[in-house]
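Structural characterization, general
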Amino acid sequence: MTLSIERLRREAKALKRAWMAGDADARSRVAVAQGASDEIRHADALHVVAREQGYQSWPKLKFAVELAGLDRAARAEKLKFALYLGQGWMVDELLDDDPSLAEANFGLSVALYRLDIVADRLARDPEAATRKVGVRSPILHLAFSKHHRKDPDRAAASVAVGELLVNHGAEANDSYPAEPGSEHRLSALYGALGRAGNLPLAAWLLEQGATPDDNESLYHATELGHLDGVRLLMKHGVKTSGTNALARMLDFDNLEGLRLFLEYGADPNEAVLDHPSGQPIDTIPALHQAARRGRDGRFAKLLLDHGADPDRIWHGRTPYEWAAIYGNTSFADAMAQAGHDHALDPVAAALAACARGEALEGQPLAQTGLDDEVRRILTRVVLWEDRLDHAKALVAAGIDPNVTEEMGMPPVHLTGWAGLTPQTAWLLTLNPDLTHVNDYGGGLVGTIIHGSENRLDTEERDHVGCMRLALEAGAKIHQSDIDGAMDEDMVAFLHDWVEAHPDSLIKG
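**Considering the overall build of the protein chain**
On a plain count of helices and strands, the protein chain comes out with 30 helices and six strands. Projected onto the principal axes, the alpha-carbon positions of the protein chain cover approximately 80 × 65 × 40 Å. Going through the 508 residues of the protein chain one by one, you find that 50% of them count as buried. Charge separation in the protein chain, taken as the distance between the mean sites of 51 positive and 77 negative side-chain charges, equals 4 Å.

Quick look at the structure:
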């Protein structure tokens, strides 16, 4: 009999009702699936139904049911995105259900590192090595695949597939437009290093002549959680100028990373440049970036030792001023000890007082004409876990609590994505626009879900707690939010919430 999600949901509701009524069979079913318990949630009942159907979780059962209704082309499309996004369990489910999907198109065979299939195809059709599959060539499908994430040993197979492609005419330096019609291109190297984190493949591409100067790879190599990618690019002579990579490195509390850039020759005083895509980028000088990102006095000293200009003006202010404005006392003290402190103007003094948690009278910051960086200060401060008093003081002094950062994310979206419940709870008391859609296309609910699946520190954060706060404040859930959610705890919570609050669900 064909499984139906709606029928299975009804079965879970019936199981929960029977359990609560003390039905012995229901209690036994729940105990067998997940142990004895004094209470049952709707999510628990869904889990029991999934286990009884032979699946580890409700999301996996739901995916299997949905899969049964898809034709082969749609399944191949699902596989493509699962490889691109690194959804390893979904790749396994798709291939277990239909192993032939590995040959649905050449791009998939390459992205799965199927050396046998690739070799056979190229022997019969050498030009397949360079023929696009969709918008990307085979070597780009290879580079952007995250298939190695579940099993790092697969990285060697990715290199072997790459060798076959290059031997048949593929270009290691291949790229494709970031957007249709855009002159800005995304390279195979960026895919392997910045997107997939496949260092063996990235190293091989560089050895085959891929340029390290693709305007993406160095910047994103700083985000890997280690410095191996940065060192690899530096080994191949990457240029730091125009990349904004030094500023990105200072987003992280990594003194070794900063030292690596400076000793390599990165200019801490680099001026504002035009990005090769044609869009201007605000290349913030390193001292200013370190000051506003909360880096401590060691960073200030290291930058000064490497020639950083302490008197440089960025957005109208010196590094010392920005350190005072953000309450970065360690950095400000280091600047002062080096002789680079000075008096603050009234706006900077007010902001510095807020950083100390002082209550100011008359809302001195509720004025027009504030610099954009000052206007957006709450979007930076609210993400610092220990600075809630600072954030509250800023709002009390007149900073708009609904101001958005560069990508249209208001503070409540940022804290929801980060899984910061105290900050989210406070922001929700300020009556933010719960229908706001940011420039990524997400509302508050969708942004929290995205954070629960994509932040690297999700175990340390409470995205479900943020979701509960948002829904209690009146945010609505679209059915597509639930259908697209992949984090099991989040899926379970959303099902429980909708069962208890059906009016919060928008089915369209």
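Further notes follow.
**Some remarks on empty space enclosed by the protein**
Under the definition given, this model contains two cavities of 30 Å³ or more. Contributing to the lining of the largest cavity are 14 residues, with Leu246, Ala247, Asp267, Glu270 and Thr283 lying nearest its centre. Ranked by residues supplied to the lining of the largest cavity, first place goes to helix H15 (residues 245-249) with three residues. Classifying every residue of the lining of the largest cavity gives eight nonpolar, four polar and two charged. If you add up the space inside the second largest cavity, you get close to 30 Å³. Lining the second largest cavity are Pro401, Asn402, Pro410, Pro411, Val412, Leu427, Leu430 and Pro432. Its residues placed into classes, the lining of the second largest cavity shows seven nonpolar, one polar and no charged.

**Let's talk about the pattern of salt bridges**
The tally for this structure, following the rule as stated, stands at 33 salt bridges. Put simply, Arg7 and Glu11 hold a salt bridge, and the shortest N to O gap is 3.7 Å. Here Glu11 and Arg7 lie together in helix H1 (residues 5-20), a separation of four residues that amounts to about one turn. The exposure class of Glu11 is partly exposed, given its relative accessible area of 23%. Put simply, Arg317 and Asp345 hold a salt bridge, and the shortest N to O gap is 2.7 Å. Pair noted here: Arg317 is in the loop between helix H18 (297-305) and helix H19 (319-325) and Asp345 is in the loop between helix H20 (329-337) and helix H21 (346-355), with a separation of 28 residues, a long-range link.

**Focus: the layout of surface pockets**
In this structure, the second largest pocket occupies an estimated 310 Å³ of space. Forming the walls of the second largest pocket are Glu6, Arg9, Arg10, Lys13, His42, Gln479, Ile482, His495, Val498, Glu499, Leu505 and Lys507. Mapped onto the lining of the second largest pocket, the elements with two or more residues apiece are H1, helix H29 (479-484) and helix H30 (488-500). Sort the elements by how many residues they give to the lining of the second largest pocket and H1 lands first, with four residues.

Thresholds applied
- Residues numbered from 1 in each chain as written.
- Predicted model: local features only at pLDDT ≥ 70, side-chain atom pairs only at ≥ 80, totals over all residues.
- Heavy atoms only, no water.
- Helix = DSSP H or I, 4+ residues; strand = E, 2+ residues; numbered from the N terminus.
- Buried < 20%, exposed > 50% of the residue type's maximum accessible area, 1.4 Å probe, protein only.
- Lys, Arg positive; Asp, Glu negative; His and termini not counted.
- Charge placed at Lys NZ, Arg CZ, Asp CG, Glu CD.
- 1 Å grid on protein atoms, 1.4 Å probe; cavity = no way out; pocket = protein on both sides within 12 Å on 5 of 7 lines; lining within 4 Å.
- Points joined across faces, edges and corners; volume = space filled by probe spheres on them.
- Nonpolar A, V, L, I, M, F, W, Y, C, P; charged D, E, K, R; others polar.
- Salt bridge = Lys/Arg side-chain N within 4 Å of Asp/Glu carboxyl O.

In short, the description is geometric, and any link to function would need to be established separately.
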